[in-house]
Amino acid sequence: MKSNYIFLLLIIFVLASCSSPSIENEEALFENENTALESTTLNASTVEKEVFEAINSHREEMGLVKLVYSNETYKYAEEHNSYMIAEGKISHDNFNSRANAVANETGASVVKENVAKNYPKAEQALKGWLNSKSHKDTIEGDFTHTTISVKADDKGKLYYTQLFFKI
């Protein structure tokens, strides 16, 4: 019984690690306030694919295994984007609930996420994440799977939520 309790505490600690104050302070870096968005029509699903490919390309350059895309967990990233759009800001709010849902559905042992806002291109979001140690560590972490949702608000600003997990 005691070992189950310790195991549960360990899982909660690992899942909660993404919402540490240092990461929350860094989130301001990912609210790109560039108001001169390109005039081209942005296709969020195209940007999602581009982010996925760019992340895997970066991982491959670093000698890391490519991530497998998870369709089954997409709904959690998409729901979080809808939440951030409603709030008008990026956040890791409710991360533990998302992480627990992903872990329960997939058997994942570790779940982390990166979020961003207002990057009109995938390469710009990736560059922003790579300029942050904690977000770069997530991208380059020991993960096997990922999912990414990119969603535009009513002003055309893109919100990004990418979940990383290990099965």
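A short tour of the structure in this document, coming up. What you see is a predicted model; the values in this text were computed from it and never measured.

**So, the sheet that holds strand 4 (residues 158–166)**
Point 1. Strand order across the open sheet formed by four strands is 1-3-4-2, with mixed pairing between neighbours. Of all the strands in the sheet, the pair left with one neighbour each is strand 1 (68–69) and strand 2 (110–117).
Point 2. The pairing of strand 2 with strand 4 spans eight bridges and is antiparallel. Bridging from a neighbouring strand, A116 pairs with Y160 of strand 4.
Point 3. Where helix 5 (residues 95–106) meets the sheet, its contacts fall on strand 2 and strand 4, and the angle it forms with strand 2 comes to roughly 130 degrees.
Point 4. The strands that helix 6 (residues 122–130) touches are strand 2, strand 3 (145–152) and strand 4; relative to strand 4, the one it contacts most, it runs at about 60 degrees.

**A word on the packing of aromatic side chains**
Point 1. All chains considered together, the criterion is met by three aromatic pairs.
Point 2. Taken together, a centroid distance of 6.2 Å and an interplanar angle of 85 degrees make the contact between W129 and Y160 edge-to-face. With a gap of 31 residues between them, W129 in helix 6 and Y160 in strand 4 connect regions that are remote in the sequence.
Point 3. A centroid spacing of 5.8 Å and a plane angle of 45 degrees characterise the contact between F143 and F164, whose relative ring orientation is tilted. Separated by 21 residues along the polypeptide, F143 in the loop between helix 7 (133–139) and strand 3 and F164 in strand 4 bring together distant segments of the chain.

**Some words on unusual backbone geometry**
Point 1. A positive phi angle, close to 65 degrees, is found at N94, a residue other than glycine.
Point 2. In this structure, N94 sits in the loop between helix 4 (74–87) and helix 5.
Point 3. With relative accessibility at 47%, the residue N94 sits in the partly exposed group.
Point 4. One non-glycine residue, N118, adopts positive backbone phi at about 75 degrees.
Point 5. Here N118 lies in the loop between strand 2 and helix 6.

**Structural notes on the packing of helix 3 (residues 44–61) against helix 6**
Point 1. Put simply, helix 3 and helix 6 touch, their axes get as near as 8 Å, and they point 45 degrees apart. As far as their axial angle goes, helix 6 and helix 3 are oblique. Of the two elements, helix 3 crosses helix 6, and the hand of that crossing is right-handed. Contacts between helix 3 and helix 6 pair V47, E50, V51, A54, I55 and H58 from the former with A122, E123, L126, W129 and L130 from the latter.
Point 2. Taken together, the residues of the contact of helix 3 with helix 6 break down into eight nonpolar, one polar and two charged.

**Side note on the packing of helix 4 against helix 5**
Point 1. Between helix 4 and helix 5, whose axes approach to 10 Å, the crossing angle comes to 165 degrees. In terms of orientation, helix 4 and helix 5 fall into the roughly antiparallel class. Regarding helix 4 and helix 5, the two cross each other, and that crossing is right-handed. Contacts from K75, Y76 and H80 in helix 4 reach R98, A101, V102 and E105 in helix 5.
Point 2. Residues of the contact of helix 4 with helix 5, tallied by class, amount to three nonpolar, one polar and three charged.

So, how was this worked out
Numbering of residues begins from 1 in every chain and follows the order in which that chain's sequence is written. Confidence filtering applies because this is a predicted model: local features only for residues at pLDDT of at least 70, side-chain atom pairs given and counted only at 80 or more, and all residues used for totals across whole chains, interfaces and linings. Side-chain figures throughout are based on the complete set of non-hydrogen atoms in the structure, without hydrogens or water. For two strands to be treated as a pair, DSSP must find at least two bridges joining them. Think of it this way: any DSSP run of H or I at least four residues long counts as a helix, any run of E at least two long counts as a strand, and we number them from the N terminus. Between two residues, a contact is recorded if the distance between any of their heavy atoms is within 4.5 Å. Only the stretch in contact is used when fitting a helix axis, every axis being a line fitted to C-alpha atoms; angles between N-to-C directions are given from 0 to 180 degrees. Classification of ring pairs rests on two measures: the distance between centres of Phe, Tyr or Trp rings, Trp counted by its six-membered ring, which must be within 6.5 Å, and the angle between planes, read as stacked under 30 degrees, edge-to-face over 60 and tilted in between. Buried means the residue's accessible area, taken with a 1.4 Å probe over protein chains only, is under 20% of the maximum for its type, while exposed means over 50%, and partly exposed covers the values in between. Small angles under 35 degrees read as roughly parallel and large ones over 145 as roughly antiparallel, with 65 to 115 read as roughly perpendicular and the rest as oblique. Crossings are assigned a handedness: left-handed for a near helix turned anticlockwise from the far helix by less than a right angle, right-handed for a clockwise turn. Gly falls in the polar group here, along with every residue not listed as nonpolar (Ala, Val, Leu, Ile, Met, Phe, Trp, Tyr, Cys, Pro) or charged (Asp, Glu, Lys, Arg).

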